[in-house]
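Coordinate analysis (summary)
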Amino acid sequence: WRTHCLICCMTPNPTLVMAPLVIAFFGALPKLPAGFFTWPRLLEGMLVLGGLLVFLWHVLVRGGGINSPKATALVFVLWAGVRFGLRGGTLVVFLLALWVAFLTNHYLRGLSVADVASGQYVLTLQVFVAMAALLGLVPAIVWEKRDRAMAKLGESEEKFSKAFRT
């Protein structure tokens, strides 16, 4: 219950994790491009997700816990956002939020009894999830907007060239 409460009720989560996930998967995005689910791409996705999960487990369970440096994990989030677009970025950020909240609540490494009782570690968790969401989603959004603008530019160029050829 505590993990669920942290996932759904944390301040940045509804706006930075849940809303983009719902919009990306149920919004008006175009269909997936042909060749999206190829074996190399699937293996790369598994590598990104597996690397993120293993790294965070190592830091939060075997390492110093929630107060240890976790910035290296953001490389996997950035990789997913740039390589797999908005859907991949939102999915990885969502899974990161679930995994970090679960590991933090179940292992409580690096936290004193007073920290656990007061819940002060939640702020560290919120900041990390918000930073991961921004790092994973902003490049994916910019990349998607760029692709749409380039497609419109190509259509406009095609119309312009047809108009002056005849």
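Counting from 1, residues in each chain are numbered in the order their sequence is written. The model is predicted, so local features are restricted to residues of pLDDT at least 70 and side-chain atom pairs to those at 80 or more, both for listing and for counting; the totals for chains, interfaces and linings are taken over all residues. To obtain the side-chain values, all non-hydrogen atoms of the structure were included, while hydrogens and water were left out.

Comments concerning the overall build of the protein
Rules: The way it works is that DSSP assigns letters per residue, a run of H or I at least four long becomes a helix, a run of E at least two long becomes a strand, and they are numbered from the N terminus. The rule is simple: take the accessible area with a 1.4 Å probe, protein chains only, and divide by the maximum for that residue type; under 20% is buried, over 50% is exposed, in between is partly exposed. Per-residue and other accessible areas were derived by the Shrake-Rupley procedure at a 1.4 Å probe size, with only the shown protein chains allowed to occlude residues.
Of regular secondary structure, the protein possesses 6 helices and 0 strands. For the protein, with 166 residues in total, the buried portion stands at 36%. As displayed, the protein has an accessible area near 10,200 Å², and 71% of this comes from carbon and sulfur atoms.

Considering the environment of W143
The residue W143 is located in helix α6 (residues 121-165) in this model. Its relative accessible area of 46% is what places W143 among the partly exposed residues. Each C-alpha atom of the pair W143 and L86 lies 8.7 Å from the other, and the pair is 57 residues apart in sequence.

Here we look at the packing of helix α3 (residues 39-62) against helix α4 (residues 74-107)
Note the following rule: To obtain an axis, a line is fitted to C-alpha atoms, over the contacting stretch when the element is a helix, and the angle between two such axes runs from 0 to 180 degrees between their N-to-C directions. Angle categories: roughly parallel below 35 degrees, roughly antiparallel above 145, roughly perpendicular from 65 to 115, and oblique for all the rest. Left-handed describes a crossing in which the near helix is turned anticlockwise from the far one by less than a right angle; the clockwise case is right-handed. Each residue is assigned to one class: nonpolar for Ala, Val, Leu, Ile, Met, Phe, Trp, Tyr, Cys and Pro, charged for Asp, Glu, Lys and Arg, and polar for all the others, Gly among them.
Axis separation between α3 and α4 bottoms out at 10 Å; the angle between their running directions is 30°. The pairing of α3 with α4 is recorded here as roughly parallel in orientation. Between α3 and α4 the crossing geometry is right-handed. Along the lines of polarity and charge, the residues of the contact of α3 with α4 split into 22 nonpolar, 3 polar and 3 charged.

So, the nonpolar core
Stated formally: The definition of a nonpolar core used throughout is a set of buried Ala, Val, Leu, Ile, Met, Phe, Trp, Tyr and Cys residues joined through side-chain atoms within 4.5 Å. Note on contacts: a residue pair qualifies if any of its non-hydrogen atoms lie within 4.5 Å across the two residues.
L52, L56, I66, V77, L96, V100 and F128 are the most contacted members of the largest nonpolar core, which has 31 residues in total. Take this core: its biggest share by element is 13 residues, from α4. Those residues within four positions of I66 in sequence are excluded, and the remaining contacts are L60, V100, T104, R109, L111, Y121, T124 and L125.

As for the confidence of the model for the protein
As a reminder, the rule being used: What pLDDT conveys is the predictor's confidence in a given residue, as a value from 0 to 100.
In this model, the protein carries a mean pLDDT of 84, and residues with pLDDT of at least 70 account for 89%. For the protein, helix α1 (residues 2-9) is the element with the lowest average pLDDT, namely 54, and α3 is the one with the highest, namely 93.

Thoughts on the pattern of salt bridges
Note the threshold: For this document, the term salt bridge refers to a Lys or Arg side-chain nitrogen within 4 Å of an Asp or Glu carboxyl oxygen.
Evaluated as defined, the whole model comprises 4 salt bridges. Between E44 and R83 there is a salt bridge whose closest N-O contact spans 2.9 Å. Of this pair, E44 sits in helix α3 while R83 is found in helix α4, placing the two residues 39 residues apart along the sequence. The residue E158 makes a salt bridge to K162 at a minimum N-O spacing of 3.9 Å. Highlighted residues: E158 and K162, both in helix α6, separated by 4 residues, approximately one helical turn.

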